[in-house]
Amino acid sequence: MMRGRSDGAPKRRLFTSVGIVAIVLIFLYVYFGSKDSGETALEYGSRSLRKLGSSYLGGDEDGDLGSKHEDSSKWLDEGEDGIMLKSFPVCDDRHSELIPCLDRHLIYQMRLKLDLSLMEHYERHCPLPERRYNCLIPPPPGYKIPIKWPKSRDEVWKANIPHTHLAHEKSDQNWMVVKGDKINFPGGGTHFHYGADKYIASIANMLNFSNNNLNNEGRLRTVFDVGCGVASFGAYLLSSDIIAMSLAPNDVHQNQIQFALERGIPAYLGVLGTKRLPYPSRSFELAHCSRCRIDWLQRDGILLLELDRVLRPGGYFAYSSPEAYAQDEEDLRIWKQMSALVERMCWKIAAKQNQTVIWVKPLTNDCYLQREPGTQPPMCRSDDDPDAVWGVNMEACITPYSDHDHNTGGSGLAPWPARLTSPPPRLADFGYSNDMWEKDTQLWRRRVDNYWNLLSPKISSDTIRNVMDMKANLGSFAAALKDKDVWVMNVVPEDGPNTLKLIYDRGLIGTVMNWCEAFSTYPRTYDLLHAWTVFSDIEKKGCSGEDLLLEMDRILRPTGFVIIRDKQPVIDFVKKYSSALHWEAVGTADSTSDGEQDSDEVVFIVQKKLWLTSESLRETD
């Protein structure tokens, strides 16, 4: 027996050693294999699917998801030019409102050390590639094609944004009212219970503008509405040919920006926190805060100074808040300190009535130059670029005007609508001539006419409302849409020429963006995306085209359109993924259709199909 035991020991030791080596090899393969930078969206997406769960149109939600997608042949099809994707996974239904770079669950998981008092948790914090879900965002149960503009200004489908707590919380302020399967918007706000239209007329009256029209005969065109609620202020400005950038965070009043965009009103998710607003200096004629719950005195007035940066010479700040009229001790203290701050900033009271005060910025640098040495807040450093905004920290300093604005006593812009096509003074900052400006404007008119010819079988006058130009350059694409009943979010690359200030000078709105990341908006918020060489640009950065396609699908409404203008290899790439995204080809054209003989760009237009998960189907039934 002793001999038998000793004979078996080496074998057991050998098996044990082999087992340990195998375990180590498996661990190394799994660990380093999962870190492979070449992992595709499909590979990570399929893992997300198994982790999150999913349901497909007509699929069995209770089935075994692991076994359902175990066979990779169900996902891939070998084509002539490589692997073609058959299907992307679908995210779990609880991610139907996912905003990747504003996902507070991600912040908690990453254990970021953020200062909540400075609103850092409402600023952008994007997931690393290995933390992206890389799956299609499903619509909520019972989702319907959005109500068309202009009717959508006043009502939306409740199923599309199934959040009614604001209707109860703000029931005395007429923000929104639930009526059956719809949510209605009477046009009220915290300081304008009886309607934004009357409130807007009262502001115009305070400023002695003719006919109580806030556009002041075309001289007031761009407005910044901070803490905008459901954006009824911006909604009612549109009839006066005024366009507002309505801004609010995804805070305790969550979904307010989602409601605004569902209504067809320009809006953006953001916050006055620690980073500069994503807008150039001297962008807005009017800033507005109606009980926006912002502490303007914090950190030496840094937030008010950020408003000052984005206001034009002679721009206004309309402030409706208890501090402007209440008489209790705390309100009086705040009013006294705020009045002293804006006086040192060279603002003056243009009008004060009832609950509202309106300050006006100086037209020139004269007041700044006459301040006593050491006066706070200081002037910004001479090397500070007031138009650098992507990830740039706010500064508690006053941004002086350019020599041109100082010498001309204002921005020198034509009234609207002439300013849409008139070369702006800041054009010289880029070395562009007036002739180049005119040629670019004419070029995009031809291109947009061609786009609409391709789209004509699929659209009518009210099909498209929310438009995004993903690489806006000079804003001529948006300018060519002036006679359409649409608005355009003009996006300028954060590492390209900062032409966004020219776009605002045209009387348009927009923001800065890095398309290697996700945009700050809810899913299903745009009817049309225009991507001119965007894929070629991110390829140069080494970013994933698959990720960009999934992001575009996330922000595109069902039945919405994508216009891709790029080189042929990019078009071929997108075509490979179209069926995976449930996109249907609408039309293709080359640049000769626009009268361009020397361009190698191709136009490819697709439409996103409406698809529902099996849970959504059950809710709809």
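In the block above lies the structure referred to throughout.
Residues numbered from 1 in each chain as written. Predicted model: local features only at pLDDT ≥ 70, side-chain atom pairs only at ≥ 80, totals over all residues. Heavy atoms only, no water.

With that out of the way, let us pick up the nonpolar core. L214, Y279, W296, L304, F317 and W515 are the most contacted members of the largest nonpolar core, which has 144 residues in total. Excluding residues that lie within four positions of it along the chain, W296 makes contacts with V226, L272, C289, G301, L303, L304, L307, F317, Y319, M338 and L341. (Core = buried A, V, L, I, M, F, W, Y, C linked by side-chain atoms within 4.5 Å. Buried < 20%, exposed > 50% of the residue type's maximum accessible area, 1.4 Å probe, protein only. Contact = heavy atoms within 4.5 Å.)

This part takes up the side chain of R282. Within the secondary structure, R282 is located in the loop between β8 (267-269) and β9 (284-290). For R282, a relative accessible area of 9% translates into the label buried. Looking at R282, its side chain comes within polar contact range of the side chain of D405, at 2.6 Å. Discounting residues that sit within four places of it in the chain, R282 has contacts with R309, V310, L311, R312, P313, Y401, S402, D405, R426 and D505. (Helix = DSSP H or I, 4+ residues; strand = E, 2+ residues; numbered from the N terminus. Polar contact = N/O pair within 3.5 Å; in protein donor to acceptor, adjacent residues only side chain to side chain.)

Right, let's talk about empty space enclosed by the protein for a bit. Going through the model one piece at a time under the given rule, you end up with five cavities of 30 Å³ or more. If you add up the space inside the largest cavity, you get close to 80 Å³. What lines the largest cavity is L102, D103, R104, I107, H121, Y122, E123, P249, N250, L269 and G270. Of the residues assigned to the lining of the largest cavity, the class counts are five nonpolar, three polar and three charged. (1 Å grid on protein atoms, 1.4 Å probe; cavity = no way out; pocket = protein on both sides within 12 Å on 5 of 7 lines; lining within 4 Å. Points joined across faces, edges and corners; volume = space filled by probe spheres on them. Nonpolar A, V, L, I, M, F, W, Y, C, P; charged D, E, K, R; others polar.)

What follows deals with helix α13 (residues 434-455). When the terminal C-alpha atoms of α13 are compared, their 32 Å separation across 22 residues agrees well with the 32 Å that a helix rising 1.5 Å per residue should span. Along α13, the residues that are buried comprise W437, D440, T441, L443, W444, R447, V448, N450, Y451, W452, L454 and L455. (Expected span 1.5 Å × (residues − 1).)

A few words now on the packing of aromatic side chains. For the coordinates displayed, the defined rule picks out 26 aromatic pairs. Judged by centre distance (5.5 Å) and plane angle (70°), the rings of W296 and F317 are edge-to-face. With a gap of 21 residues between them, W296 in the loop between β9 and α9 (298-310) and F317 in strand β10 (residues 311-320) connect regions that are remote in the sequence. Among the residues examined, W296 registers a relative accessible area of 2% and is labelled buried. (Phe/Tyr/Trp six-rings, centres within 6.5 Å; stacked < 30°, edge-to-face > 60°.)

The peptide bond linking W149 to P150 adopts the cis configuration, its omega dihedral lying at 10°. Its location among the elements puts P150 in the loop between α4 (104-110) and β3 (155-157). Cis geometry marks the peptide bond from Q376 to P377; its omega dihedral reads 0°. Note on placement: P377 falls in the loop between α11 (366-369) and α12 (403-408). Phi angles above zero are rare outside glycine, and H582 is one such case at about 65°. In this structure, H582 sits in the loop between α18 (568-578) and β18 (583-590). Owing to a relative accessible area of 27%, H582 belongs among the partly exposed residues under this scheme.

Turning next to the sheet that holds β8. Spatial ordering of the open sheet is given by β8-β7-β6-β9-β10-β12-β11, a layout of seven strands whose pairing is mixed. Every other strand in the sheet has two partners, leaving β8 and β11 (348-353) as the edge strands with one partner each. Put simply, the sheet's adjacent strands are angled 20° from each other on average, direction ignored. Packing against the sheet, helix α6 (residues 196-206) makes contact with β9, β10, β11 and β12 (356-360), and its axis sits at approximately 50° to β12. Against the sheet, helix α8 (residues 256-263) contacts β7 (243-248) and β8, and its axis sits at roughly 150° relative to β8. (Pairing = 2+ DSSP bridges. Axes fitted to C-alpha atoms, helices over the stretch in contact; angles between N-to-C directions.)

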